[in-house]
Amino acid sequence: MATDTLTAPTIMGTASRPKVYKNFIDGEWVESSTGETFEDRNPADTRDVVAIFQKSGKADVDAAVDAAKRAFAKWRLVPAPRRAEMIYGAAELLIERKEEYARDMTREMGKVLKETRGDVQEAIDSAYYNAGEGRRMFGPTTPSELPNKFAMAVRTPIGVCGMITPWNFPMAIPSWKLLPALVCGNTCVIKPAQDTPLSTFNLVRSLADAGVPRGVINIVTGFGSAVGTPMTEHPDIRAISLTGSTEVGRIVGTSAAKSFKHCSLELGGKNPMIVLDDANLDLAIEGGLWGGFGTTGQRCTATSRIIVQKGVYGEFIERYVERAKRLKVGNGLDESTDMGPAINESQLNTDLKYVEIARSEGAKLKCGGNRLDKGDFQYGYFMEPTVFVDVDPKMRIAREEVFGPVVAIMACENLENAIEIANDIEYGLSSSLYTRDVNKAFSAIRDLEAGITYINAPTIGAEVHLPFGGVKATGNGHREGGIGAIDFYSEWKSVYVDYSDRLQKAQIDRPE
Ligand code: NAD
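Residues numbered from 1 in each chain as written. Predicted model: local features only at pLDDT ≥ 70, side-chain atom pairs only at ≥ 80, totals over all residues. Heavy atoms only, no water.

J.: Hey, could you run me through the nonpolar core in this one?
T.: Proteins that are soluble and globular tend to have nonpolar side chains buried together. One finds Ile 87, Met 163, Met 171, Leu 178, Leu 182, Leu 207 and Ile 217 to be the most contacted residues of the largest nonpolar core, which totals 57 residues. If near-sequence neighbours (up to four positions away) are discounted, Leu 182 is found in contact with Trp 75, Arg 83, Ile 87, Cys 188, Leu 207, Val 216 and Ile 217. In terms of nonpolar packing, the next biggest core, distinct from the first, is built from 30 residues, Ala 363, Val 391, Ala 398 and Ile 419 among them. (Core = buried A, V, L, I, M, F, W, Y, C linked by side-chain atoms within 4.5 Å. Buried < 20%, exposed > 50% of the residue type's maximum accessible area, 1.4 Å probe, protein only. Contact = heavy atoms within 4.5 Å.)

J.: How should the packing of aromatic side chains be read in this particular structure?
T.: In this description, an aromatic ring pair is defined by two values, namely the gap between the centres and the angle between the planes. On inspection of all chains with the given rule, the structure shows 15 aromatic pairs. Through successive ring pairs, a cluster of aromatic residues spans Tyr 21, Phe 24, Trp 29, Phe 38, Phe 53, Phe 201 and Phe 223. Positioned above the aromatic ring of Tyr 379 is the side chain of Arg 47, whose terminal nitrogen or guanidinium carbon lies 3.5 Å from the ring centre. Stacked on the ring of Trp 290, the Lys or Arg Arg 299 has its end atom at 5.4 Å from the ring centre. (Phe/Tyr/Trp six-rings, centres within 6.5 Å; stacked < 30°, edge-to-face > 60°. Lys NZ or Arg CZ within 6 Å of the ring centre and 35° of its normal.)

J.: In this structure, what is going on with empty space enclosed by the protein? I would like to understand it.
T.: One way to see where empty space is left: roll a probe the size of a water molecule over the atoms. Counted by the stated rule, this structure contains five cavities of 30 Å³ or more. A volume near 90 Å³ is recorded for the largest cavity. Considering the residues around the largest cavity, the lining is formed by 15 residues, among which Gly 297, Ala 302, Ser 304, Phe 403 and Gly 404 are closest to the centre. (1 Å grid on protein atoms, 1.4 Å probe; cavity = no way out; pocket = protein on both sides within 12 Å on 5 of 7 lines; lining within 4 Å. Points joined across faces, edges and corners; volume = space filled by probe spheres on them.)

J.: Would you take a moment to explain the site of the ligand for this structure?
T.: Neighbouring the ligand are 27 residues, the closest being Thr 165, Ser 245, Leu 267, Cys 300 and Glu 401. Contacts to the ligand include Trp 167, whose side-chain N or O atom sits 2.9 Å from an oxygen atom. Residue Gln 194 places a side-chain N or O atom 2.8 Å away from an oxygen atom belonging to the ligand. Relative to its unbound accessible area of 850 Å², the ligand is 89% covered by the protein chains. (Near = heavy atom within 4 Å. Polar contact = N/O pair within 3.5 Å; in protein donor to acceptor, adjacent residues only side chain to side chain. Areas by Shrake-Rupley, 256 points an atom, 1.4 Å probe, with all protein chains shown as cover.)

J.: Mind showing me how you'd approach a nonpolar patch on the surface here?
T.: A surface patch of nonpolar side chains, about 300 Å² in accessible area, is lined by Phe 150, Val 497 and Tyr 499. Within the secondary structure layout, Tyr 499 lies in the segment after β23 (490-498). By relative accessible area, Tyr 499 is classed as exposed at 56%. (Patch = residues over 30% accessible without salt bridge, like charges linked within 9 Å, V, L, I, M, F, W, Y side chains within 5 Å. Salt bridge = Lys/Arg side-chain N within 4 Å of Asp/Glu carboxyl O. Helix = DSSP H or I, 4+ residues; strand = E, 2+ residues; numbered from the N terminus.)

J.: So what exactly am I meant to see when it comes to unusual backbone geometry here?
T.: Excluding glycine, residues mostly carry a negative phi; peptide bonds, for their part, are mostly trans. The residue Phe 403 is not glycine, and still its phi comes out positive at about 70 degrees. Within the secondary structure, Phe 403 sits in the loop between β17 (386-389) and β18 (406-412). Positive phi, normally seen in glycine, also occurs at Lys 472, with a value near 55 degrees. Judged by relative accessible area, Lys 472 falls into the partly exposed class, the value being 34%.

J.: Explanation requested: the layout of surface pockets in the structure shown.
T.: Computed from the structure, the second largest pocket encloses a volume of approximately 330 Å³. Lining of the second largest pocket is provided by 19 residues; of these, Glu 122, Phe 169, Arg 299, Gly 461 and Ala 462 occupy positions nearest its centre. Sort the elements by how many residues they give to the lining of the second largest pocket and helix α3 (residues 113-133) lands first, with seven residues. Counting contributing residues, the lining of the second largest pocket receives three or more from each of domain 1 (26-41 + 56-267 + 475-493) and domain 2 (271-455). (Domains from an automatic or database assignment.)

J.: Is there a simple way to think about the pattern of salt bridges in this case?
T.: Pairs may arise between side chains of opposite charge once their charged atoms sit close together. Following the criterion strictly, the structure yields 35 salt bridges and no others. A salt bridge links Glu 115 to Arg 299, with the nearest nitrogen and oxygen atoms 3.4 Å apart. Pair noted here: Glu 115 is in helix α3 and Arg 299 is in the loop between α8 (281-293) and β13 (303-309), with a separation of 184 residues, a long-range link. Across the pair, Arg 299 and Glu 115 agree in class, each one buried. For Arg 326, the salt bridge identified is with Glu 322, shortest N-O distance 3.1 Å. Given the relative accessible area of 40%, Glu 322 is considered partly exposed.

J.: Even after reading the chapter, I still don't get the domain arrangement of the chain, so can you show me in this structure?
T.: Where the parts come together, the accessible area they lose is often given as the size of the interface. Considered domain by domain, the chain is made up of domain 1 (26-41 + 56-267 + 475-493) and domain 2 (271-455). Inter-centroid distance (C-alpha atoms) of domain 1 to domain 2 is 31 Å. Between domain 1 and domain 2, the contact holds 20 residues from the first and 21 residues from the second. Around 1700 Å² of area is buried between domain 1 and domain 2 when both sides are counted, 58% of it from carbon and sulfur atoms. Three residues stand out in domain 1 for area buried against domain 2, namely Val 112, Glu 115 and Trp 167, and they jointly supply 30% of the buried area on that side. (Buried area = accessible area lost by both parts, 1.4 Å probe.)

J.: Where do I start with the sheet that holds strand β20 (residues 430-434) in this structure?
T.: What links the strands of a sheet is backbone hydrogen bonding, and the strands pair in either a parallel or an antiparallel sense. Spatially, seven strands are ordered β14-β17-β18-β13-β12-β20-β21 in an open sheet, and the strand pairing comes out mixed. Only two strands of the sheet have a single partner each, and these edge strands are β14 (364-367) and β21 (452-455). Adjacent strand axes in the sheet meet at a mean angle of 25 degrees when their direction is disregarded. When strand β12 (residues 271-275) meets β20, the two strands line up parallel, connected through three bridges. (Pairing = 2+ DSSP bridges. Axes fitted to C-alpha atoms, helices over the stretch in contact; angles between N-to-C directions.)

See below:
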């Protein structure tokens, strides 16, 4: 099949003029109906305009959905193993382009290079996994209750799927949605977060270069409700998948329900890491730093609460804070940087607001808490790694998602008490326990209210072939990753073939 030129935007950038990206609809580059654009700026240095994107509206969504609907008529009939070969081809291209795309991503969203390389790698892993599904996508073949009758269930595609994604994993998260949707035979309209459209273009470029035909994937860029609402309301979009905040999840879920769309919501988290007296403290400290400050704390699975048993509470705090103070904050393009900036000014202000809230509620600030704005920092949205201790589980800093480099440490009496604290919030995404006691580990695996539990590892680090998602206000019961995504992007059709040559009545024709 032809690769419909996703190789370069029609208006190329120069050193002084950033590239202008148009929407990608039906294999063509199309200006938005509004005629407006917006800038994608580097949060580590806002003088750096990474690229310019279309500020789209409803008419652009309509055009993208029309294209996807037309493409669906053919794509659904392409054998799944052939669809999978294109996804596999995209994985190979992503490997070749990994460094370039990681650098683009660090420029557009700030996280350090080793993490953006990991983000691209996650898309590669996801591509290999979903390519494999092209020759699986198993369904049950099962005995019929009637003689000379054959029964099985097959997966069928749903149709046009709409995807709305956040900025913190700007290639990995689109890959979790697009790749299983494609292998199942669906066509897609994706709206990337306004802070990070470039990484979605890079992913889709690789898929198009690997042979995915025109109209099968369409990108419409723009702001939340201006593009998101027409997607959730469009009658021809049959499934919507959102990763984002719980607040936006409620809006999207409510809107999608009105037209009975399949709807997958992956939302916020306030993830606890429990450290018991018998833990390997070196390991727990290392894990807590990586989980708390990796991606500048801007992961849905970030280790934002650390619940430490009283016997090691003092020592843990002393050593953890000492290490947090030494983390090097800076531009993620510098290989020696440990922690990059906040994604934008609004997120930085939220982080600083929570420092004030925590202080006013009586939490003890042990390190950080300030914006960094001297020298080169003045051009970006930088903040010190921040640790609050002696946090009461009822404080807002212990219960609300900050989405920044702010860790709340609190004490617990024992495992039961720790689990009580861990579970006493509205979210339930990730969780972790550090212990050397296998009995305690398995009790925690059973009792922690979360979609993910790590033992002796922090709350981050999901792999693409396991279910990913959470309980309570973190989602609506679906899972991304692994077979859960295939389940979301396919419909079951049960098939009965009667070769008895007579009318047989289920439930009624029974042996005397
Ligand atoms: P957000 O909710 O502000 O935005 C997510 C996406 O929704 C963006 O593309 C945005 O433009 C769009 N949007 C905003 N308003 C909309 C509306 N009314 N209708 C339709 N779409 C709309 O989230 P964010 O700031 O981009 O990302 C951070 C949030 O995402 C955090 O809460 C984080 O926990 C969550 N997150 C969750 C997971 C997960 O898998 N559970 C993973 C990453 C991030």
